[in-house]
Amino acid sequence: MTQLQFKDAFWCKEFTLHTGYEALVQRLLDGRKMCKDVEDLLKQRAQAEERYGKELIQIARKAGGQTEINTLKAAFERLKQQIESVGNSHIQLAVMLKDELKGIEEFRERQKEQRKKYESAMERMQKSKLSHYKKTMESKKTYEQKCKEADEAEQSFERTSVSGNQKQTEKSQNKAKQCRDAANEAENVYKQNIEQLDKVRTEWEQEHTKTCQVFQLQECDRITILRNSLWVHCNQLSMQCVKDDELYEEVRLSLENCVVESDIDYFIKTKMTGTQPPDAIGYENYYSKEPNRNNSSPTQSCGMMKRFSGLLHGSSKHNSESATPSAPPLAEKPDGVYASIFENQQARITASQDYRVLYDYTAQNMDELDISEGDIVVVIEENEDGWWTAERNGQRGFVPGSYLEKL
């Protein structure tokens, strides 16, 4: 049987999230808790050898182990049941039990020190990745703004040239040149940040993979140590009496079914968060997104608005189904993508009216409605965020208000 690997199963597609790594850290913390539970069991069992009877039953019921999973958990639960059945264990076992307890404590502390080193390295890489991501997104925003300013300055220069005022024309020309130079500089900064972010992302991936491998080795060692420790503990008890040995034979049979690979596979299958790392953040040329800015359709501005709104609010694939769609830019707000992002989303209820569809629109979410140019729809509600509730052929959903024309 091919064993599943942590490094292949605990990625997260969202660039700024680390869900997979967090799941692994929690598993190791649960494993540490399990070690303490086993240590408590051995310690209390040693004391019970001196007290006999009822105290053994109480210790078994307090032994814990709820954080463990699958075959090792089953074996541990079986052991507690047998401890309750052993009311006449002997005081000579106390010394041996304490020696075993000391070995588990030392093992747990060694794992703790090793885990801390890799957690510190991962924390530094994650902070670096998030910092570069934030810096890159800010430079992208600056780049787009500078491009807009350069376009406006060049259009102003063209209008001034037609008027024939030479002094004003020279002034507009200088301003247009300055704005274009600023846009070019912002573009270079944006590209450099993209390259640096990709380098940091690669380093983070390598560190994540290495950490996953170390964590899996730790988990394998932990399960093996605990399994063997419980096995030895059972053997020590069974030596005292044939009758006790008959009870602990059942525990050994349960421990024989404790397979490290099985527990690892069970955890991965039930808790896996993803099999692929996040995609690289690619360079987006401002003009490739809007090849004809003067004749761009509402589809382009709507899509850009929704994407940008989602980015600012930190939306992801996990909450996209419940998110309210962002509004497309309205005609009276020339800022386009940056307009109305933080406005209060208030709905305006109107009497049902017929509207003609001006552009095709394909629904991007479950609560949206597909419409085609020339369709006649009934508008039920007009929202100030630009998304209207419309009905067509008995189907109702959100559509961009800028796509409609009142009849």
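Before any of the text, the structure's been laid out above.
Since the structure is predicted, the reported quantities are computational estimates derived from the model, not experimental observations.

Q: Looking at this structure, how should I read the pattern of salt bridges?
A: Where charged atoms of side chains with opposite charge meet at close range, the side chains can pair. On inspection of all chains with the given rule, the structure shows 27 salt bridges. Taking the shortest distance from any N to any O, the salt bridge between Glu 187 and Lys 191 comes out at 3.8 Å. Of this pair, Glu 187 and Lys 191 both sit in helix α6 (residues 166–238), four residues apart, which is roughly one turn of the helix. What makes Glu 187 buried here is its relative accessible area of 16%. In this structure, the salt-bridge partner of Glu 207 is Lys 210, at a minimum N-O distance of 3.7 Å. On the criterion of helical spacing, the pair formed by Glu 207 and Lys 210 is a turn pair, its members being three residues apart in helix α6. The class of Glu 207 is buried, set by a relative accessible area of 14%. Salt bridges sharing common partners tie together Arg 27, Glu 68, Glu 219 and Arg 222.

Q: Mind showing me how you'd approach unusual backbone geometry here?
A: Glycine aside, residues mostly have negative phi angles, and peptide bonds mostly take the trans form. Residue Asn 70 is not a glycine yet carries a positive backbone phi of 60 degrees. For Asn 70, the position within the fold is in helix α4 (residues 70–85). A positive phi angle, near 55 degrees, is found at Asn 393, a position not held by glycine. By the element assignment, Asn 393 lies in the loop between β3 (387–392) and β4 (395–400).

Q: In this structure, what is going on with the packing of aromatic side chains? I would like to understand it.
A: By convention here, two paired aromatic rings are described through the distance between centres and the angle between planes. A full pass over the atoms with the stated rule returns 14 aromatic pairs. Taken together, a centroid distance of 5.0 Å and an interplanar angle of 90 degrees make the contact between Tyr 286 and Tyr 287 edge-to-face. Tyr 286 sits in the buried class, given a relative accessible area of 4%. Relative accessible area serves as the criterion here: at 31%, Tyr 287 is assigned to the partly exposed category. An aromatic cluster is built from Tyr 143, Tyr 190, Tyr 283, Tyr 286 and Tyr 287, whose rings are joined through pairwise contacts. Looking at Lys 129, its charged tip hangs above the ring of Trp 204, at a distance of 3.6 Å from the centre. It is Lys 191 that lies over the ring of Tyr 283; its NZ or CZ is 5.2 Å from the centre.

Q: Quick question: what am I supposed to make of the pairing of β3 here?
A: Each regular strand shows side chains that alternate between the opposite faces of the sheet. Counting buried residues in β3 gives five out of six residues, a clear majority hidden from the surface. Judged from the four bridges that link them, strand β2 (residues 376–383) and β3 form a sheet pairing that is antiparallel. Note on β3: the bridge partner recorded for Glu 381 is Thr 389. The hairpin formed by β2 and β3 contains three residues between the paired strands, and Gly 386 there has a positive phi angle of roughly 100 degrees. Judged from the six bridges that link them, β3 and β4 form a sheet pairing that is antiparallel. Within the sheet, the bridge partner assigned to Arg 392 lies in β4 and is Gln 395. Connecting β3 to the antiparallel partner β4 that follows it, the hairpin turn spans two residues, and Asn 393 within it adopts a positive phi of roughly 55 degrees.

Q: I'm lost on empty space enclosed by the protein in this one. Help?
A: Unoccupied space between atoms shows up once a probe the size of one water molecule is rolled over them. All told, the structure shown has three cavities of 30 Å³ or more when counted by the stated rule. By volume, the largest cavity is sized at about 80 Å³. Of all the elements in the fold, those that place two or more residues in the lining of the largest cavity are α2 (19–51), α5 (93–163) and α6. Looking at the lining of the largest cavity, its residues break down into two nonpolar, three polar and six charged. Roughly 40 Å³ of volume is contained in the second largest cavity. Taken together, Phe 10, Trp 11, Cys 12, Leu 17, His 18, Thr 19, Gly 20, Tyr 21, Trp 204 and His 208 make up the full set of residues lining the second largest cavity. Taken together, the residues that form the lining of the second largest cavity break down as six nonpolar, four polar and no charged.

Q: For this particular structure, what's the right way to read the packing of α4 against helix α8 (residues 260–271)?
A: What describes two packed helices is the angle between their axes and the distance between those same axes. The geometry of α4 relative to α8 is characterised by a closest axis approach of 6 Å and an angle of 115 degrees between their N-to-C directions. Of the residues in α8, those touching α4 at Asn 70, Thr 71 and Leu 72 are Ser 262, Asp 263 and Tyr 266. A class-by-class count of the residues in the contact of α4 with α8 yields two nonpolar, three polar and one charged.

Q: Sorry, what's going on with the side chain of Gln 218 here?
A: With respect to the helices and strands, the residue Gln 218 is situated in helix α6. Here the side chain of Gln 218 touches Gln 114 through a polar contact of 2.9 Å, side chain to side chain. For Gln 218, the contacting residues outside a window of four places in its chain are Leu 28, Gln 111, Gln 114 and Arg 115.

Q: What's the story with the nonpolar core in this structure? I'm lost.
A: Nonpolar side chains tend toward joint burial in soluble globular proteins. The biggest cluster of nonpolar side chains holds 49 residues, and the ones touching the most others in it are Phe 6, Phe 10, Val 38, Leu 79 and Tyr 248. Contributions of two or more residues to this core are made by α1 (6–9), α2, α4, α5, α6, α7 (242–256) and α8. When near neighbours in sequence (up to four residues on either side) are disregarded, Phe 10 contacts Gly 20, Tyr 21, Ala 23, Leu 24, His 208, Phe 267, Ile 268, Lys 271, Met 272, Thr 273 and Gly 274. In terms of nonpolar packing, the next biggest core, distinct from the first, is built from 13 residues, Tyr 355, Val 379, Trp 387 and Leu 404 among them.

How each quantity is defined
Residues numbered from 1 in each chain as written. Predicted model: local features only at pLDDT ≥ 70, side-chain atom pairs only at ≥ 80, totals over all residues. Heavy atoms only, no water. Salt bridge = Lys/Arg side-chain N within 4 Å of Asp/Glu carboxyl O. Helix = DSSP H or I, 4+ residues; strand = E, 2+ residues; numbered from the N terminus. Buried < 20%, exposed > 50% of the residue type's maximum accessible area, 1.4 Å probe, protein only. Phe/Tyr/Trp six-rings, centres within 6.5 Å; stacked < 30°, edge-to-face > 60°. Lys NZ or Arg CZ within 6 Å of the ring centre and 35° of its normal. Pairing = 2+ DSSP bridges. 1 Å grid on protein atoms, 1.4 Å probe; cavity = no way out; pocket = protein on both sides within 12 Å on 5 of 7 lines; lining within 4 Å. Points joined across faces, edges and corners; volume = space filled by probe spheres on them. Nonpolar A, V, L, I, M, F, W, Y, C, P; charged D, E, K, R; others polar. Axes fitted to C-alpha atoms, helices over the stretch in contact; angles between N-to-C directions. Contact = heavy atoms within 4.5 Å. Polar contact = N/O pair within 3.5 Å; in protein donor to acceptor, adjacent residues only side chain to side chain. Core = buried A, V, L, I, M, F, W, Y, C linked by side-chain atoms within 4.5 Å.

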